[in-house]
Amino acid sequence: MNRILIDAAIAADSSSSFWSDGNINSKILLLALILVMSIVLIAVLVVLRAFRVVLQVTLPEVVEEEKKQKVLKKELSKTKRKAFWNKLMGLRPIEEEKDQIMDHAYDGIEELDNPTPAWFMGLFYGTILFGVVYLSVYHVFGIGASQDQEYAHEMAVAEKERQLFLASQANNVDENNVEQDKSPETIAAGAAAFQTNCAVCHGDKGQGGIGPNLTDDYWLHGGDVKAIFKTIKYGVPDKGMVPWQSQLSPLQIAQVSNFILSLRGTKPPGAKEPQGELVMPETNSPEEPADEATIKEAEEKAI
Amino acid sequence: MQLEKFNYDNKIVRNFGIATIVWGIVGMTVGLLVAVQLIWPFMNLDNQYTTFGRVRPLHTNAVIFAFVGNAIFMGVYYALQRLLKARMFSDVLSYIHFWGWQLIIVAAAITLPLGITTSHEYAELEWPIDIAITLIWVVFGINMFGTIIKRRERHMYVAIWFWIATFVTVAVLHIVNSFELPISAWKSYYLYAGVQDALVQWWYGHNAVAFFLTTPFLGLMYYYLPKMANRPIYSYKLSILHFWSLIFIYIWAGPHHLLYTALPGWAQSLGVVFSIMLIAPSWGGMINGLLTLRGAWDKVRTEPILKFMVVSLTCYGMATFEGPMLSLKQVNAIAHFTDWIVAHVHVGALGFNGFMVFAVLYWLIPRIYKTEIYSKKWVSAHFWIGTLGILFYAIPMYWAAVVQGLMWKEFTPEGVLKYPNFLETTLQIIPMHMMRAIGGALYLAGVILMTVNLAKTMLRSKLVANEPAEAPALEPITKNEPTLHRRLERKPILFLVLALIAILIGGMVEMMPTFMISSNVPTISSVKPYSPLELQGRDLYIREGCVNCHSQMIRPFRSETVRYGEFSKAGEFVYDHPFLWGSKRTGPDLHRVGKKYPNKWHYDHLLDPTITSPGSIMPAYPWLIEQELDISTTPTKINAMRTLGVPYPAGYEDKANDDLLKQANEIAEDLKANQVEVLPTSEIVAITAYLQRLGTDIKVKAEDTQEVAKKD
């Protein structure tokens, strides 16, 4: 029996591995134990009930007395509880109300001369104390931070956390080290981000709209991957291009930049007229011929 | 002792009662409309007069000043006569009061949809109506004090203390918050600007809740609850304590509406601590009411009117605990600008005010008609429908607030916003807004049931217009009063003066330094007055009620500066008459929207917001394109602004329209370059100019300083 209990205890201890390990014996043993214990419990309850019945039949006056005691006890605790409640609320027993009625009445409305409840006064003085302490902390002793200090602290902590996270991540790219990447995964991810964030102004195919056309060879702020990354990241606020660095992660900005590069020369319908300077694509790329296929694949994926 | 015979005027009570019911249904129906507009933008009915920004103030004004206002007058006119054992001072004044108030409400219902608004929340009505309100309020005051003077009861009961405080404080609040410079029949500018204007407005807004929605209702509670339950008031001492502490402390708490804004820190802290100190005085009213029911709880089980009262007081207790909690800066940081505040005020308005009004109506109408209520079962049904309505309203709104508030603040580990697109957070809570609309509809259904019940009650009998009563004439004072306060209770004018002093202290301490000491609003040299076109655009922004959904106050939190840009500084608002900080973000903050998007974006967005923001619930504003700007008002507006201290050069009003047209042409040219033909004088050009200016003054400064640095 001891052996079983120990087994069960061990099993319970390592509950996470219990159902996954192969020890079927311990499972059976545990189930058997639960079953046996339940039967014993039921048996005890049945026996107890039987004893009660026997007692009622053989000694009814004892049972009657017991019942009376119980009711009495209940009533006593009820009045006690009420007294406690009244004390807490500062209430006098309702029977004494007659003595408390004040000697005036308005249109038949009488008033009682009850004191203000003690807990109420405690609450009131407590809140006043809170007020004094609060003002002292923030405006007398200067312990509490002002909202500007709180803000500076919040920003510093967030920046530190962000740096730590980025350092531990592969996507720590910025406008200085971003490289062109024509892999279909990158292009597809970039296409998805483009559709949700950029298409509203630049058109769903990059043909331009509120913002400039992204499919031609003319660029306002530079047409290589680093320049595009920079434009997306910091925006061009004077011309209405929003900075995206707080909304897209560095990796996403790189993906979108690469997707935009992949649009070059697609000549979508309704393209906006070219703006900016002519920037010829890099021609020394060895993978040039594969480009079109990659774009198609990427677009299909994005859709 | 000689008994004098006189009559109570029940007709005025009945009239205010009917007005309460009618305006209640109107106000709540409009409320339901605006709730539905937040789910389906097409419910704006493609019409400028029924668009959210104009209709939402109509809802708040209708329920506060029309429904609740008439209910106060109904309850006061009935109880005051009986508590003082005298007929109202003058039937003529009662008549003027009644019809004057109804005319004011009609004027509000006409002007607000027309876009005639001052933009101060709960004080939107323009200056002619403000004057009318002042006059009618004075009529009410004379009528009330006249009745008090000719009373046949030596002392004033606690209910009357609350009504005296209501009268004097509302008068002060209304007058100070209506200091406007009229520039035409229906347009004015507030004397104060920016931070000061915000402080005055929320001192007013918060205390309108205190002295229009709270103190008159505590007065009603002190009369009607003991009457309904036939029980004595629990504690006279508690009445004195909580009355004086309530009116003294309440007035200080206004700045809790402006936590983490450009309001000076010391004023914010005063708002916090006085809000916390307000818990006990507020609860004093609730516990004095609930303990008055001591020994009568068996009646609550069978009497639906008492059920209404119990829920009303419970809602009061919840709202007055919730309010101070929301005033803690840490809680406010999350809850402010969300639906939490909307839920909070509705627990107060639907629960505390609404339910007490219903109880009083059910109790009072059968009495002045000398009959029984038509159906007690319907009263009970109304109670349950109404309670369900409140729950369906409040719970989804709390839920929505937490969901949206947390979404606004969530960052990814990369340090970018998890939900950078504001719209995503709006769409997330639309199901909750649907539940809220259902809650509101249930509540309205209960009111309609009440209306039928009360109409049938009235029709089965006849009004006792003049109810005979008798009371002994006032005897000369022979005995010494046991306490000072007891002596004060028979001196109404002294009482009025002391209440006035109590409510003036808090307001003075907070406002005087903010107005007088310049360090409280540090100036920024690069902040310049609006150009004439921007000024006109700003007035359109006010007309369309944009401030109802868009704040112009970026708080100093990472989640806000990353989303919107640099946090707002006090010095940026010095030319803002009035301030437009807003109190709710149904849409994103706009303080730094200037130059963020091209003009074409704003054109598309106002023409149809779903072009630039698919799924947006913002209504479309096509009339801004069709309507032409009235530039004949420009010189008057420039002059008015100069009078208020905006440094336009002398004689600029004559050149203002040239500048206006020049700037308008530039924007029109830019739009033309983007394939949009629009008249330079169309309204959309002006509002675009204003939006493009917003928050840009300190951006300019940053560039300037950079250039200077380079030269060095």
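The rules behind each value
- Residues numbered from 1 in each chain as written.
- Chains lettered and ligands numbered in written order.
- Predicted model: local features only at pLDDT ≥ 70, side-chain atom pairs only at ≥ 80, totals over all residues.
- Helix = DSSP H or I, 4+ residues; strand = E, 2+ residues; numbered from the N terminus.
- Rg over C-alpha atoms; globule rule 2.2 N^0.38 Å.
- Buried ≥ 20, exposed ≤ 12 C-beta atoms within 10 Å, placed from the backbone.
- Domains from an automatic or database assignment.
- Contact = placed C-beta atoms within 7 Å.
- Nonpolar A, V, L, I, M, F, W, Y, C, P; charged D, E, K, R; others polar.
- Expected span 1.5 Å × (residues − 1).
- Core = buried A, V, L, I, M, F, W, Y, C linked by C-beta atoms within 7 Å.
- Pairing = 2+ DSSP bridges.
- pLDDT = per-residue confidence, 0-100.
- Axes fitted to C-alpha atoms, helices over the stretch in contact; angles between N-to-C directions.
- Parallel < 35°, antiparallel > 145°, perpendicular 65-115°, else oblique.

A. Structural context of the overall build of chain B. In terms of helices and strands, chain B carries 27 helices and four strands. Computed over its C-alpha atoms, the radius of gyration of chain B comes to 27 Å, within 12% of the 27 Å expected for a compact globule of 712 residues. Overall, chain B is about 95 × 50 × 50 Å in size when its C-alpha atoms are taken along their principal axes. In chain B, which comprises 712 residues, the proportion classed as buried is 56%.

B. Highlighting the environment of D91 of chain B. Residues and elements named next belong to chain B. Of note, D91 is situated in helix α3 (residues 91–111). Given 13 C-beta atoms within a 10 Å radius, D91 is considered partly exposed. D91 sits 20 residues away from T111 along the chain, and the two C-alpha atoms are 30 Å apart.

C. Examining the domain arrangement of chain B more closely. All names here are of chain B. Assigned domains of chain B: these are domain 1 (3–475 + 484–511) and domain 2 (532–711). Look at where the C-alpha atoms of domain 1 and domain 2 centre, and you get two points 35 Å apart. Contact residues are listed per partner, giving 41 residues for domain 1 and 47 residues for domain 2. Of all the elements in the fold, those that place two or more residues in the side of domain 1 that touches domain 2 are α2 (52–84), β2 (180–184), β3 (187–190), α6 (194–229), α14 (376–409) and α15 (422–428). It is α2 that provides the largest number of residues to the side of domain 1 that touches domain 2, a total of five residues. Counted by class, the side of domain 1 that touches domain 2 contains 22 nonpolar, 14 polar and five charged residues.

D. Molecular detail of helix α25 (residues 652–673) of chain B. Compared with the 32 Å implied by 1.5 Å per residue over 22 residues, the 31 Å span of α25 of chain B between its first and last C-alpha is a close match. With its phi angle positive at about 65 degrees, Q675 of chain B sits one or two positions after the end of α25 of chain B.

E. Highlighting the nonpolar core. Membership of the largest hydrophobic core comes to 225 residues, with the highest contact counts inside it found for Y77, A159, M356 and A359 of chain B. Per element, the largest residue contribution to this core is 23 residues, and it comes from α6 of chain B. If you count residues domain by domain, this core takes at least three from each of domain 1 (3–475 + 484–511) and domain 2 (532–711) of chain B. Not counting residues within four places of it along the chain, the set of residues in contact with A359 of chain B comprises Y224, I305, F308, M309 and S312 of chain B. Residues V178, C201 and L263 of chain A together with Y597 of chain B belong to the second largest nonpolar core, which totals 25 residues.

F. The arrangement of the pairing of β3 of chain B in detail. All names here are of chain B. What you see with β3 is no split at all: K187 and Y189 on one side and S188 and Y190 on the other are buried throughout. As defined by bridge partners, β2 adjoins β3 across four bridges and the pair is classed as antiparallel. Bridge assignment links S184 to a residue of β3, and that residue is K187. The antiparallel hairpin formed by β2 and β3 contains two residues in its connecting segment.

G. Geometry of the interface of chain A and chain B. The partner chain B presents 49 residues to the 47 residues of chain A that form the contact. Elements with a minimum of two residues in the side of chain A that touches chain B: β1 (101–106), β2 (109–112), α6 (118–140), α7 (147–167) and α9 (199–202) of chain A. Broken down by element, the residue count for the side of chain A that touches chain B peaks at 11 residues, all from α6 of chain A. Split into classes, the residues belonging to the side of chain A that touches chain B amount to 27 nonpolar, 12 polar and eight charged.

H. Region of interest: unusual backbone geometry. Residues and elements named next belong to chain B. The omega torsion of the bond from H577 to P578 falls at -5 degrees, within 30 degrees of zero and hence cis. If you trace the backbone, P578 turns up in the loop between α20 (558–564) and α21 (599–607). Even without being glycine, K85 reaches a positive phi, approximately 55 degrees. Position of K85 among the secondary structure elements: in the loop between α2 and α3. Classification of K85 by C-beta neighbours within 10 Å gives buried; the count is 20.

I. Structural view of the confidence of the model for chain B. Residue and element names in this part refer to chain B. Summing up the model confidence of chain B, the mean pLDDT is 94 and the portion of residues at 70 or higher is 98%. Note that residues 701–712 has pLDDT below 50 and, in this model, two contacts with residues that lie over four places away or in other chains. The ipTM value of the predicted complex is 0.91, and its pTM value is 0.85.

J. Here's a closer look at helix α10 (residues 225–234) of chain A. All names here are of chain A. Taken residue by residue, α10 has I228, F229, K230, T231 and I232 as its buried positions. On its buried face, α10 sits against α11 (250–262). Phi turns positive one or two residues past the end of α10, at G235, with a value near 70 degrees.

K. Up close: the packing of α25 of chain B against helix α26 (residues 683–693) of chain B. Residue and element names in this part refer to chain B. Packing of α25 against α26 leaves a shortest axis separation of 10 Å and a crossing angle of 95 degrees. As summarised for this structure, α25 and α26 are arranged roughly perpendicular, according to the angle between their axes. Note on element contacts: α26 touches α25 through V685, T688 and A689, opposite Q663, A664, I667 and A668. Considering only residue class, the contact of α25 with α26 consists of five nonpolar, two polar and no charged.

L. How the structure looks around the packing of helix α5 (residues 158–176) of chain B against helix α7 (residues 236–250) of chain B. Residue and element names in this part refer to chain B. Contact pair α5 / α7: the axes reach a minimum separation of 11 Å and the direction vectors enclose 5 degrees. The pairing of α5 with α7 is recorded here as roughly parallel in orientation. Of the residues in α7, those touching α5 at V158, W161, F162 and A165 are S239, F243 and I247. When grouped by side-chain class, the residues that make up the contact of α5 with α7 number six nonpolar, one polar and no charged.

M. Geometry of the environment of D204 of chain A. Residues and elements named next belong to chain A. Counting through the fold element by element, D204 comes out in the loop between α9 and β3 (218–219). Along the chain, D204 and K78 lie 126 residues apart, while their C-alpha atoms are 75 Å from each other. The contact partners of D204, leaving out residues within four places of it in the chain, are Q195 and A199.

N. Spotlight on the environment of K370 of chain B. Looking at where K370 of chain B falls in the secondary structure, it is placed in the loop between α13 (339–368) and α14. Through-space distance from the C-alpha of K370 of chain B to that of W99 of chain B is 26 Å; in sequence the pair is 271 residues apart.

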